[in-house]
Amino acid sequence: MTRASKAVTDSRANLPFVYRQYSAAQLREVLYKMYLIRRFEEGAEECYTRGLIHGTMHLSIGQEASAVGICMPLAQDDQITSTHRGHGHCIAKGAEVKRMFAEFFGKTTGYCKGRGGSMHIADVGKGNLGANGIVGGGIPIAVGAALSAKMMKTGKAVVSFFGDGANNEGAFHEALNIAAIWKLPVIFVCENNGYGMSTSTARSTAVKNIAERAAAYSMPGVIVNGNIFSEVAEASHQAVARARAGEGPTLIESKTYRHRGHSKSDRNRYRTKEEIEDWMSNRDPITLFESELREFGFIDNKGIEAIRDAVAQEIADGIEFAKASPSPDVRDTGNYVYTEQA
């Protein structure tokens, strides 16, 4: 090791985990993905307002560090299950925003041929087993995938994302119990944004921290600040390593916050303007990550602007792709419903 390279190594020794684990290029890609999630959802919100998207949607604006941080140590063939608030998870796992927009628009070029919409995007080729409109519905699916990985000795890890509301569902407890008994390679990730629809976790959940419930199933329960990318990524890195080593599941509680309401129909009267403004102004995950990148010398303002411009172009191109894509033919309504017989 040269004297110069040793000096660089020594200077990074006391930095948070991700700045020691990943290269500057990888961390700039993280910032790109976080912006891509944010701008995708803002673009989808605008298209909804203009009447280009029908139905409803559940935005995860404010939760970007949680999605990208958890997916950071995953390989392409590792698998995830997602939620009704799953756009960030899809992009963090490698989904193309143009095909996501097409799905929102109900076009045939979408991930589910326009039949799934906002809440049901899946990309099996990149390990995304699908978002799920049922609260807690993805948790047992992830356990099944993890059982398959263990029996087939594939070495895959499986992540199950769910919200705080799902921790009071029976499927949550059944899944954690069987995953612990069989030491399955699954990581349970509760993105606790403080509210299940309009009910706060303080009113709906008996324990103060959802991660405390891990003790009942003999697995680690880890609490992280879900708006600090490095905290989330470090917890995920450790949980994935534990899963791959055959040591069983982990429950991670990522404490975060959604800037928007539960869905587009939410009138948002159960939260104060002061609370929302505090999270948006002082605890925004993208702003916090940018500040660290600049402070530790991984990027400068010019580099950040370049990322913002590139993301804006990708979003604009994605929306145009969706607009130009064909709509399904009514004669094909029954297609893609059943698996074709061999």
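These numbers were taken from a predicted model, which means no experiment stands behind them. Residue numbers here run from 1 along each chain, matching the order of that chain's written sequence. Confidence filtering applies because this is a predicted model: local features only for residues at pLDDT of at least 70, side-chain atom pairs given and counted only at 80 or more, and all residues used for totals across whole chains, interfaces and linings. Side-chain measures were taken over the full set of non-hydrogen atoms in the model, leaving aside hydrogen atoms and water.

Novice: Which parts of the structure should I look at to understand unusual backbone geometry?
Specialist: Trans peptide bonds make up the majority, and among non-glycine residues the majority have a negative phi. Notably, Lys153 is not glycine yet its phi reads approximately 55°, a positive angle. Residue position: Lys153 is located in the loop between helix H7 (138-152) and strand S2 (158-163). One non-glycine residue with positive phi stands out, namely Ser218, at about 55°. Here a strand is any run of E in DSSP of at least two residues, a helix any run of H or I of at least four, and the numbering for each starts at the N terminus. Here Ser218 lies in the loop between helix H9 (201-204) and strand S6 (221-225).

Novice: Could you clarify how one ought to interpret the pattern of salt bridges in this entry?
Specialist: When the charged atoms of two side chains with opposite charge come close together, those side chains can pair. What counts as a salt bridge is simple: a side-chain nitrogen of Lys or Arg found within 4 Å of a carboxyl oxygen of Asp or Glu. Applying the stated criterion to the full structure yields 13 salt bridges. Linking Arg260 and Glu45 is a salt bridge whose minimum nitrogen-to-oxygen distance equals 3.0 Å. Here Glu45 lies in helix H3 (residues 24-49) and Arg260 lies in the loop between strand S7 (250-255) and helix H11 (273-282), a separation of 215 residues in the sequence. A salt bridge links Arg283 to Asp278, with the shortest nitrogen-to-oxygen separation between them at 2.4 Å. Here Arg283 falls in the partly exposed class, since its relative accessible area comes to 34%. Accessibility expressed as a relative area gives 27% for Asp278, which makes it partly exposed. Each member of the salt-bridge network shares a partner with another, and the members are Arg38, Glu64 and Asp284. Each residue is assigned to one of three classes by its accessible area relative to the maximum for its type, calculated with a 1.4 Å probe on protein chains only: buried under 20%, partly exposed between the two thresholds, exposed over 50%.

Novice: Sorry if this is basic, but what is going on with the pairing of strand S3 (residues 186-192) here?
Specialist: Regular strands place their side chains on alternate faces of the sheet. The buried fraction of S3 amounts to seven of the seven residues, a majority that puts the element mostly inside the structure. Both faces of S3 are covered, namely the face carrying Val186, Phe188, Cys190 and Asn192 and the face carrying Ile187, Val189 and Glu191. Inspection of the sheet shows S2 paired to S3 by six bridges, in the parallel sense. Across the sheet, Ser160 pairs through a bridge with Phe188, a residue of S3. One crossover worth recording links S2 to the parallel S3 by way of helix H8 (residues 170-181), and it is right-handed. Two strands are said to pair when DSSP picks up at least two bridges between them. Bridge analysis of S3 against S7 gives six bridges, and the strand direction is parallel. Residue pairing for S7: Val189 is matched across the bridge by Ile252. The path from the first strand over the helix to the second decides the hand: if it runs clockwise while the strands point away from the viewer, the crossover is right-handed.

Novice: Teacher, can you tell me more about the packing of helix H4 (residues 64-71) against helix H10 (residues 229-244) here?
Specialist: Pairs of packed helices are described in terms of their axes, by the angle between the two and the distance that separates them. At their nearest, the axes of H4 and H10 sit 7 Å apart, and the two run at 30° to each other. The handedness of the crossing between H4 and H10 is right-handed. Together, Ala65, Ser66, Val68, Gly69 and Ile70 of H4 and Phe229, Val232, Ala233 and Ser236 of H10 make up the contact between the two elements. For this scheme, ten residues count as nonpolar: Ala, Val, Leu, Ile, Met, Phe, Trp, Tyr, Cys and Pro. Four count as charged, namely Asp, Glu, Lys and Arg, and the remainder, Gly too, count as polar. Its residues placed into classes, the contact of H4 with H10 shows six nonpolar, three polar and no charged. Note on definitions: angles span 0 to 180 degrees between N-to-C directions of axes, and those axes are lines fitted to C-alpha atoms, for helices only across the stretch in contact. Helix crossings fall into two classes, left-handed where the near helix is turned counterclockwise from the far one by less than a right angle and right-handed where it is turned clockwise. The criterion used for residue contact is that any of the two residues' heavy atoms lie within 4.5 Å.

Novice: Could you clarify how one ought to interpret the packing of aromatic side chains in this entry?
Specialist: Note on ring pairs: Phe, Tyr and Trp rings are taken, using the six-membered ring of Trp, and paired if centres are within 6.5 Å. Classes follow the plane angle, with under 30 degrees stacked, over 60 edge-to-face and the rest tilted. Tallied over the entire structure, the rule returns eight aromatic pairs. Taken together, a centroid distance of 4.9 Å and an interplanar angle of 70° make the contact between Tyr19 and Phe296 edge-to-face. Highlighted residues: Tyr19 in helix H2 (residues 17-21) and Phe296 in the loop between helix H12 (285-295) and helix H13 (301-324), separated in sequence by 277 residues. Judged by relative accessible area, which is 24%, Phe296 ranks as partly exposed. Judged by centre distance (4.7 Å) and plane angle (5°), the ring pair of Tyr257 and Trp279 falls under stacked.

Novice: Any chance you could explain the sheet that holds S6 here in plain terms?
Specialist: With parallel pairing, the five strands of this open sheet are ordered in space as S1-S2-S3-S7-S6. Of all the strands in the sheet, the pair left with one neighbour each is strand S1 (79-81) and S6. Here the strands of the sheet are splayed against their neighbours by 20° on average, with no regard to which way each runs. Note: S1 against S2, three bridges, orientation parallel.

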